[in-house]
Amino acid sequence: MSDNVIETLHFNCTTCPSECLLTVKVERDANGAVVEVRSVIGNNCPRGDKFAHQELTCPMRVLTTTVAVSGSDEALLPVRTSEAITLELHAQAMNLIRGLVVNAPIRMGDVVLENLLDTNINLIASMDIE
């Protein structure tokens, strides 16, 4: 006999400004891990269904933070990943980024760190610093 449980979750889709309220039925095993997303309702477009599945199986976010700057009056440079990375990697990425120092000048969009944690995703500058 299976110890799996069916749970109903409610959360907003964040893929567009509509922020549809999703109702999601999910099957979890005895350890709480997602076995299957059974249904998604409330989404007004296919992106909501995709978002719910991703959010429950492998949540992803763009990582935003700051890095130290050398050679400028500005002490910190805001940076972000060029694409979303798994939430699982955020702490490891922050440990790597914490020791990073960039040299001014730098332009918004410049790559600060290539291929962050072998993800093929770059860390990029979010503003200009002279």
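Here's the deal with the pattern of salt bridges
All chains considered together, the criterion is met by five salt bridges. The closest approach of N and O atoms between Arg38 and Glu27, which form a salt bridge, is 2.6 Å. Pair noted here: Arg38 is in strand 3 (residues 34-41) and Glu27 is in strand 2 (residues 21-28), with a separation of eleven residues, a long-range link. The exposure class assigned to Arg38 is partly exposed, which follows from its relative accessible area of 47%.

Some points on the side chain of Thr86
Within the secondary structure, Thr86 is located in strand 7 (residues 85-86). Look at Thr86 and you get buried, because its relative accessible area is 18%. Setting aside chain neighbours within four positions, we find Thr86 in contact with Cys58, Pro59 and Met60.

Thoughts on the side chain of Thr81
Tracing the backbone through its elements, the reader meets Thr81 in strand 6 (residues 76-81). Among the polar contacts made by the side chain of Thr81, one reaches the main-chain carbonyl oxygen of Glu83 at a distance of 2.7 Å. Setting aside its immediate chain neighbours within four residues, Thr81 contacts Val62, Leu63, Leu116, Ile121, Asn122 and Leu123.

Here's the deal with the pairing of strand 3
The pairing of strand 2 with strand 3 spans six bridges and is classified as antiparallel. In the strand pairing of strand 3, Glu27 is matched with Glu36. Counted along the chain from strand 2 to the antiparallel partner strand 3, the turn is five residues long, and its residue Gly32 has a positive phi close to 90 degrees.

Section: the nonpolar core
Grouped together as the largest cluster of nonpolar side chains are 18 residues, with contacts concentrated most on Val67, Leu77, Ile97 and Val112. Apart from residues no more than four positions distant in its own chain, Val112 is found in contact with Leu77, Val79, Leu100, Val102, Ile106, Leu123, Ile124 and Ala125. Residues Phe11, Val24, Ala52 and Leu56 belong to the second largest nonpolar core, which totals twelve residues.

Some points on the sheet that holds strand 2
Ordered by their spatial adjacency, three strands build an open sheet running 1-2-3, and the pairing between neighbours is antiparallel. The open sheet terminates on both sides in strands that have one partner only, identified here as strand 1 (5-12) and strand 3. If you compare each strand with its neighbour and ignore which way they point, the axes differ by 25 degrees on average. The pairing of strand 1 with strand 2 spans eight bridges and is classified as antiparallel. By the bridge assignment, Ile6 is partnered in strand 2 with Glu27.

Re the sheet that holds strand 10 (residues 123-125)
Taken together, the five strands give an open sheet; going across it, the order is 8-5-6-10-9, and neighbouring strands pair in mixed fashion. Every other strand in the sheet has two partners, leaving strand 8 (101-103) and strand 9 (111-113) as the edge strands with one partner each. When the angles between neighbouring strand axes are averaged without regard to direction, this sheet yields 45 degrees. Relative to strand 10, strand 6 is paired through three bridges, and the arrangement is antiparallel. Across the sheet, the residue bridging to Arg80 is Ile124, located in strand 10. In the packing of helix 2 (residues 90-97) onto the sheet, contacts are made with strand 5 (64-70), strand 9 and strand 10, and the angle to strand 5 comes to roughly 10 degrees.

Basis of the calculations
- Residues numbered from 1 in each chain as written.
- Predicted model: local features only at pLDDT ≥ 70, side-chain atom pairs only at ≥ 80, totals over all residues.
- Heavy atoms only, no water.
- Salt bridge = Lys/Arg side-chain N within 4 Å of Asp/Glu carboxyl O.
- Helix = DSSP H or I, 4+ residues; strand = E, 2+ residues; numbered from the N terminus.
- Buried < 20%, exposed > 50% of the residue type's maximum accessible area, 1.4 Å probe, protein only.
- Contact = heavy atoms within 4.5 Å.
- Polar contact = N/O pair within 3.5 Å; in protein donor to acceptor, adjacent residues only side chain to side chain.
- Pairing = 2+ DSSP bridges.
- Core = buried A, V, L, I, M, F, W, Y, C linked by side-chain atoms within 4.5 Å.
- Axes fitted to C-alpha atoms, helices over the stretch in contact; angles between N-to-C directions.

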